[in-house]
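Spelled out, the chains give:
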Amino acid sequence: MSTLLPNFLAGRWQAGDGPGAPLFDPVSGAELARVSSAGLDLAAACEYARHEGGTALRALTYRERAGLLAAIADVLKANRDRYFDIALANSGTTHRDSAVDIDGAIFTLGQYARWGTELGDARWLPDGEAVPLAKDGSFRSQHVSVPVRGLALFINAFNFPAWGLWEKAAPALLSGVPVVAKPATATAWLAQAMVADVIAAGVLPPGALSIACGSARGLLDALQPFDVVSFTGSADTAAAIRAHDAVVRRSVRVNVEADSLNSALLLPDAPPGSPAFDLLIDEVVREMTVKSGQKCTAIRRIFVPAAHYADAGRAISARLAQITVGDPRNDAVRMGSLVSRAQWESVRAGIAQLRRHAEVLHDGEATPLVDADPSVSACIGPTLLGAPDASAGAVHEIEVFGPVATLLPYRDLDDATRQVRLGQGSLVTSIYTGDDALAARVALELADAHGRLHVVTPAVGATHSGHGNVMPMSLHGGPGRAGGGEELGGLRALQFYHRRTAIQGAGSVLDGLGAGGP
Ligand code: NAP
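Thresholds, definitions, all that
- Here the residue numbering is sequential within each chain, running from 1 through the sequence in written order.
- Reporting in this predicted model follows two pLDDT cut-offs: at least 70 for local features of residues, and 80 or more for side-chain atom pairs to be given and counted; totals over whole chains, interfaces and linings ignore these cut-offs and use all residues.
- Excluded from the side-chain calculations are hydrogens and water; all other atoms, namely the structure's heavy atoms, are used.
- Any residue with a heavy atom positioned within 4 Å of a molecule or strand is treated as near that molecule or strand.
- Pairs of N or O atoms within 3.5 Å make up the polar contacts considered here, provided that, within protein, one atom can donate a hydrogen while the other can accept it, and that residues adjacent in sequence are counted only when both atoms are side-chain atoms.
- Values of accessible area rely on a 1.4 Å probe in the Shrake-Rupley scheme; residue burial ignores everything except the protein chains shown.
- The residue classification treats Ala, Val, Leu, Ile, Met, Phe, Trp, Tyr, Cys and Pro as nonpolar and Asp, Glu, Lys and Arg as charged. All others, Gly included, are polar.
- Boundaries between domains were set according to an automatic or database domain assignment.
- A run of H or I in DSSP becomes a helix once it reaches four residues, and a run of E becomes a strand once it reaches two; helices and strands are each numbered from the N terminus.
- Here the expected length of a helix is defined as 1.5 Å per residue gap, with one fewer gap than residues.
- Here's how the labels work: a residue is buried when its accessible area is under 20% of the maximum for its type, exposed when over 50%, partly exposed in between, all with a 1.4 Å probe on protein chains only.
- Only heavy atoms enter the contact rule, under which two residues are in contact if any of them lie within 4.5 Å.
- Each patch groups residues whose relative accessible area exceeds 30% and which form no salt bridge, using 9 Å between like charges and 5 Å between nonpolar side chains of Val, Leu, Ile, Met, Phe, Trp and Tyr.
- What counts as a salt bridge is simple: a side-chain nitrogen of Lys or Arg found within 4 Å of a carboxyl oxygen of Asp or Glu.
- Ring pairs are drawn from Phe, Tyr and Trp, using the six-membered ring of Trp, whenever the two centres fall within 6.5 Å, and their geometry is named by plane angle: stacked under 30 degrees, edge-to-face over 60, tilted for the rest.

For the rest of this paragraph, the subject is the site of the ligand. The full set close to the ligand counts 24 residues, and N156, T185, S234, T237 and E399 are the nearest of them. Note that an oxygen atom of the ligand is positioned 2.5 Å from one of the side-chain N or O atoms of T185. Within the backbone of G233, one N or O atom sits 3.4 Å away from an oxygen atom of the ligand. If the ligand stood free it would expose 920 Å²; the protein chains cover 79% of that surface. When grouped by side-chain class, the residues that make up the shell around the ligand number eleven nonpolar, nine polar and four charged. Structurally, the shell around the ligand is a two-domain feature, drawing no fewer than three residues from each of domain 1 (41–258 + 486–511) and domain 2 (262–473).

Set out below in structure tokens:
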């Protein structure tokens, strides 16, 4: 049997009970490691994090905690090569795709370290100016944001074991809030290895960072009123978390990043052959194939004017036909594996469902695999579907979490924005056009239904950050079915880990609060 990865809880490494759940190489099917959280004293672990970690972190200023983030980033940089090996083995991703996760994590930590330094040697954040409550101004109200005195529990999805952990941990630790991470079982190894390196380096105070690998059972029961939970994963699990007593009765604050039917929208001014049309084709192919489409932000629906439906279908299919799929250890392979055979089955079932409502423009299931056994591996080629009658409701409802997207024609702009909205709230829509004014109008028209609108015009064709790339400067999260969460977006992310309070008193009392951050 393979190694049982230990959990780091209550300041020490602890093995869970029993044989644990296996982690596999999704290309060969070989077992790599096991994880178990059975039999652990999670209540004691959470209390240790809250008390030891929270007290130590809150004793530091934002600038000092920013230094901790920079130190974590340095540890991860020093061990970076090993993380690529783990991702290759356990996630089946090419080097380029692993970089999105691993380098994305290091970049986000570094960025929060820079922003945190700018907050200086404060321990709380002012929220607006003091306002008078008495007519003569003697009695006033000042809103302040102070770090919560609980822990931050992170329950993460399998697709970003590195970035998913650190994009949450950076603003939490910067806020002074200790972290308990619960990575998805299928890919827990990378998150566990990173935490092990950071712990071994001794750069964090005891209790600031803990990790429980394996089932989440019992973790939510251990939460107390001032704790927060940030969840990334499926809508079904999100619903179970929201219904838990910790949330319903103890008011534990929850952030949810769930699934999303993101869109790419070609505006009517951009016919085939125009720069904006070509930029859409580039971006769709990239989004369908990076990490085998296992990105919450990946393009699932592609909207084009009805007159360009056939041309767009041909152009995307021609590019997809060139994508080599298989074992990422072979340098010729452009797109690696899905994360597990279970995901492979789920993606195939999703394609079968969508095929009842759509035509197949490029059949990924027919793609030959390089160095991968189709009866064992979780590799599958990219599939482009098309729904020319634009009435297939299922394509706006079913998120196939793999290299699959559907091309949809629209009649006019009203019809286009109406159809985009059928996604019921998404993380991101990208807009392709040569008309800046039209782009701004459409972006505002769709803004309330999205976390992010990504406008690609020829002027930024070579410089834009990519439809699916989540940059720490911009908000990540979306309304409605996307979960209603908000992460990142610069220092805005700190608000989730702070409590806003109004302090009312004489001006001389408010002066005694001292200086908060800028
Ligand atoms: P999932 O099955 O919901 O699992 C997510 C996490 O929840 C895992 O750590 C899982 O642990 C844990 N979990 C499972 N049941 C739980 C329960 N009853 N209580 C508490 N935790 C529980 O989702 P997934 O299949 O890993 O991820 C794919 C989904 O995530 C897709 O729908 C995708 O769109 C979404 N996603 C969204 C974002 C975003 O930022 N919006 C990012 C990435 C992915 P185990 O692994 O041990 O079961």
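Right, let's get into helix α3 (residues 80–91). With twelve residues, α3 should reach 16 Å at 1.5 Å per residue; the first-to-last C-alpha distance of 16 Å fits that figure. Residues of α3 that are buried include every one of Y83, F84, I86, A87, A89, N90 and S91, and no others. Turning to α3, the residues buried within the fold contact β4 (21–24), β5 (31–35), α2 (62–78), α4 (95–119) and α6 (188–201). One or two residues past the end of α3 sits G92, with phi positive at roughly 65°.

Here we come to the environment of S28. Its place among the elements puts S28 in the loop between β4 and β5. Its relative accessible area of 42% is what places S28 among the partly exposed residues. Sequence separation between S28 and V376 is 348 residues; the distance between their C-alpha atoms is 6.6 Å. For S28, the side chain forms a polar contact with the main-chain nitrogen of A30, separated by 3.1 Å.

Taken together, the side chains of V131, L133 and F139 make up a nonpolar region of the molecular surface, amounting to roughly 250 Å² of accessible area. Relative to the assigned elements, L133 resides in the loop between β6 (125–132) and β7 (139–147).

A complete count under the given rule lists six aromatic pairs for this structure. Centre to centre, the rings of Y112 and W115 are 4.9 Å apart; their planes meet at 80°, and the pair counts as edge-to-face. Highlighted residues: Y112 and W115, both in helix α4, separated by three residues, approximately one helical turn. In this structure Y112 comes out as buried when scored by relative accessible area, which is 0%. With a relative accessible area of 14%, W115 lands in the buried category. Put simply, the rings of F154, F496 and Y497 touch in pairs and so form one group of aromatic residues.

Below, the discussion takes up unusual backbone geometry. Notably, S251 is not glycine yet its phi reads approximately 55°, a positive angle. As for its position among the elements, S251 is in the loop between α8 (245–248) and β12 (253–257). Relative accessible area serves as the criterion here: at 55%, S251 is assigned to the exposed category.

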